[in-house]
Amino acid sequence: MFARLVALVLGASVASVPALAAQTAQPAAEFTIHADQGRDTISRHIYGQFAEHLGRLIYDGVWTRQSPTAPWQMRQDVVDALKRLEVPNIRWPGGCFADTYHWRDGVGPREQRPSIVNTNWGGVTEDNGVGTNEYMALIKAIGAEPYIVGNIGSGTVQEMHDWWEYVNHPGSSPMADLRRRNGQDAPFDVRFWGMGNEAWGCGGNMRPEYYADELKRYGTYLPAYGATRPFRIAVGPNDADYHWMDVLMREAGRFIQGVDLHHYTLAGPWAAKGPATGFSEAQWFRSMKSALAIDEMITRHSAIMDKYDPRQRVALIVGEWGTWHDPEPGSHPGFLYQQNTMRDALVASTSLDIFNKHADRVRGANIAQMVNVLQAMILTQGTQMILTPTYHVFEFYTVHHDALLLPITMTRAGAYTFDRDSLPAISATASRDRGGVMHLTMSNIDPRAARTVIVDIAGAAVTSAAGRILAGSSMDAYNSFEHPDVVTPEPFTGAHVANGRLTVMLPPHAVVVLALR
Ligand code: AHR
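Note that this is a predicted model, so its numbers are computed, not measured.

Quick notes on the rules
- Residues numbered from 1 in each chain as written.
- Predicted model: local features only at pLDDT ≥ 70, side-chain atom pairs only at ≥ 80, totals over all residues.
- Heavy atoms only, no water.
- Pairing = 2+ DSSP bridges.
- Helix = DSSP H or I, 4+ residues; strand = E, 2+ residues; numbered from the N terminus.
- Axes fitted to C-alpha atoms, helices over the stretch in contact; angles between N-to-C directions.
- Contact = heavy atoms within 4.5 Å.
- Disulfide = S-S within 2.5 Å.
- Buried < 20%, exposed > 50% of the residue type's maximum accessible area, 1.4 Å probe, protein only.
- Salt bridge = Lys/Arg side-chain N within 4 Å of Asp/Glu carboxyl O.
- Near = heavy atom within 4 Å.
- Polar contact = N/O pair within 3.5 Å; in protein donor to acceptor, adjacent residues only side chain to side chain.
- Areas by Shrake-Rupley, 256 points an atom, 1.4 Å probe, with all protein chains shown as cover.
- pLDDT = per-residue confidence, 0-100.

On the basis of which strands lie adjacent, the closed barrel formed by eight strands has the order β2-β5-β8-β9-β10-β11-β12-β13 and parallel pairing. Ignoring which end each strand starts from, the neighbouring axes of this sheet average 25 degrees apart. With four bridges joining them, strand β10 (residues 231–238) and strand β11 (residues 258–265) adopt parallel strand pairing. By the bridge assignment for β11, Ala 234 is matched with Val 259. Against the sheet, helix α4 (residues 157–168) contacts β5 (89–92), β8 (145–149) and β9 (192–195), and its axis sits at roughly 170 degrees relative to β9.

Note: disulfide means a covalent bond formed between the sulfur atoms of two cysteine side chains. In total, this model carries one disulfide according to the counting rule given. What pairs with Cys 96 in a disulfide is Cys 202, and their sulfur atoms sit 2.2 Å apart. Where Cys 96 bonds to Cys 202 through sulfur, the torsion about that S-S bond is close to -90 degrees, and the disulfide is left-handed. Taken together, the residues Cys 96 in the loop between β5 and β6 (116–118) and Cys 202 in the loop between β9 and α6 (208–220) connect sequence positions 106 residues apart. When its relative accessible area of 11% is taken as the criterion, Cys 96 is described as buried.

The next point concerns the pattern of salt bridges. Inspection of the entire model under this criterion finds 28 salt bridges. Note that Asp 185 and Arg 180 form a salt bridge whose closest N and O atoms lie 2.7 Å from each other. For Arg 180, a relative accessible area of 27% corresponds to the partly exposed category. When the shortest N-O distance is used, the salt bridge between Asp 295 and Lys 357 registers 2.7 Å. Placement of Asp 295 in helix α9 (residues 294–308) and of Lys 357 in helix α10 (residues 342–357) is noted, with a sequence separation of 62 residues between them. What emerges from the salt-bridge pattern is a single network uniting Arg 44, Glu 145, Arg 191 and Asp 402.

The full set of residues close to the ligand is Phe 50, Glu 52, Gly 95, Cys 96, Trp 121, Asn 197, Glu 198, Tyr 264, Glu 320, Trp 324, Gln 369 and Leu 374. Note that an oxygen atom of the ligand is positioned 2.9 Å from one of the backbone N or O atoms of Cys 96. Taking Glu 198, its side chain carries an N or O atom lying 2.7 Å from an oxygen atom of the ligand. The protein chains hide 93% of the 280 Å² of surface that the ligand would expose on its own.

Attention now moves to the pairing of strand β18 (residues 415–418). Across four bridges, the pairing between β18 and strand β19 (residues 421–424) is antiparallel. Across the sheet, residue Ala 415 finds its bridge partner in β19, namely Pro 424.

To continue, consider the confidence of the model for the chain. Predicted confidence across the chain gives a mean pLDDT of 94, with 95% of residues reaching 70 or more. Scored below 50 in pLDDT, residues 1–24 makes 32 contacts in the model with residues more than four places away or belonging to other chains.

On to unusual backbone geometry, then. Excluding glycine, residues mostly carry a negative phi; peptide bonds, for their part, are mostly trans. In this model, Trp 92 is joined to Pro 93 through a cis peptide bond whose omega is 5 degrees. Inspection of the secondary structure assignment puts Pro 93 in the loop between β5 and β6. Of note, the amide linkage connecting Gly 94 to Gly 95 takes the cis form, showing an omega dihedral of 20 degrees. Locating Gly 95 in the fold gives a position in the loop between β5 and β6. Positive phi, close to 60 degrees, is recorded for Asn 128, a residue that is not glycine. With respect to the secondary-structure elements, Asn 128 resides in the loop between β7 (124–126) and α3 (132–142). Under the relative-accessibility criterion, Asn 128 is labelled buried at 0%. For Leu 336, which is not glycine, the phi torsion reads 50 degrees and is therefore positive. Mapped onto the elements of the fold, Leu 336 is located in the loop between β12 (315–323) and α10.

Structural data, given as structure tokens:
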């Protein structure tokens, strides 16, 4: 504890005390919040989750059973933790799995559901115990909105239409009647509908021209049922594939409501991504650089969308994002199970800041993935559950859900320099909630040096700032099943307001949330 205190006072983490000698005092970072210039709402759907039939997410993570023949039941501990995040939507059933999934296999009496092989993720046998009705029960339990990804890669137009009819037809129809026989009278009212997944890869290896035609054909047969109109989310580009975006928007922009961009944060090449814990500062830096790269991607994709959709009718949805590290040693490599440290927390906070900043066009995002897979909120082991540092960031950011984005002018973000390369050290989002309270989230991605941040607040009289901090004791601090509370939010005492100006002392690798009054 003493070492941690000394390190924090000196502006270094315990893990990096030896590096301290090389550090010099950092100049203060500075930015202005324009409290009277809010225009765009930060859609709560930016805080969406992604739950694929992959590894131990669905089975074990969210649903569990007493014996191999017993029915799957939702885990109340996981449901309660997700409720605290105010999860707005859950993208399901994939991912690559979606383009192999045939929804009829997952409805009706469980003992009559066929098994299938999950060819993308470990070749395991999937018994279809969790299907549409079970997913909808989860959605209801959490209070989220459904977001279903249909199968274009290996399905048919009729099959997708029938699924749409099953979940949405309010009257009497073949599929609505089937739904009733399966115990659900009222329609589920599912509007978010993914038109396949990664059609440029696991979803069919298509050219954008071909996909755009397929998308229009499938999309034609999703009629409005009752009050539910389809919000068709097209497969968007992988990272900086601007050609895909251009062709898609040119050919099919007027037929869709959303485009699904995917970007994963990697600390190295795919073949050597590096470990989730015990990584070097070089890997930390590369993760931050990879995460921040989405800012330029969003700017350039948005510019292409503006060309075909100047009124910004079509939403850019970052339907898969987050860190992808090497799987934990000893785990099934096809299950993508990884630990989650302060590095993941900072990737989450800075990515969310970027999505918020682009709130005019980015109106949805889904972190990959919700439980036990990639950058998870929650990890489970048997009946145990732990909350990851990423979970705590999502909990901090609930203050921004559907809040008014307050523009920030960054005068000096400070440079986090590593090996002759540098990144902006400070990242932030400011918003005003419906009750009129201003909230500020702020991160310092420098794992070695504390930062003083001076914040001018234009257009509002602020006299106090109070909130919480997530910092951990080192850049790779994490929660384990043996030590579940190593990284948890703590009250923050490093923010002071004088003469309407806010001064914040941000420790290394830290995220804070403040209410400004
Ligand atoms: O999230 C894991 C996988 O990454 C998804 O199934 C796929 O869409 C992406 O390539």
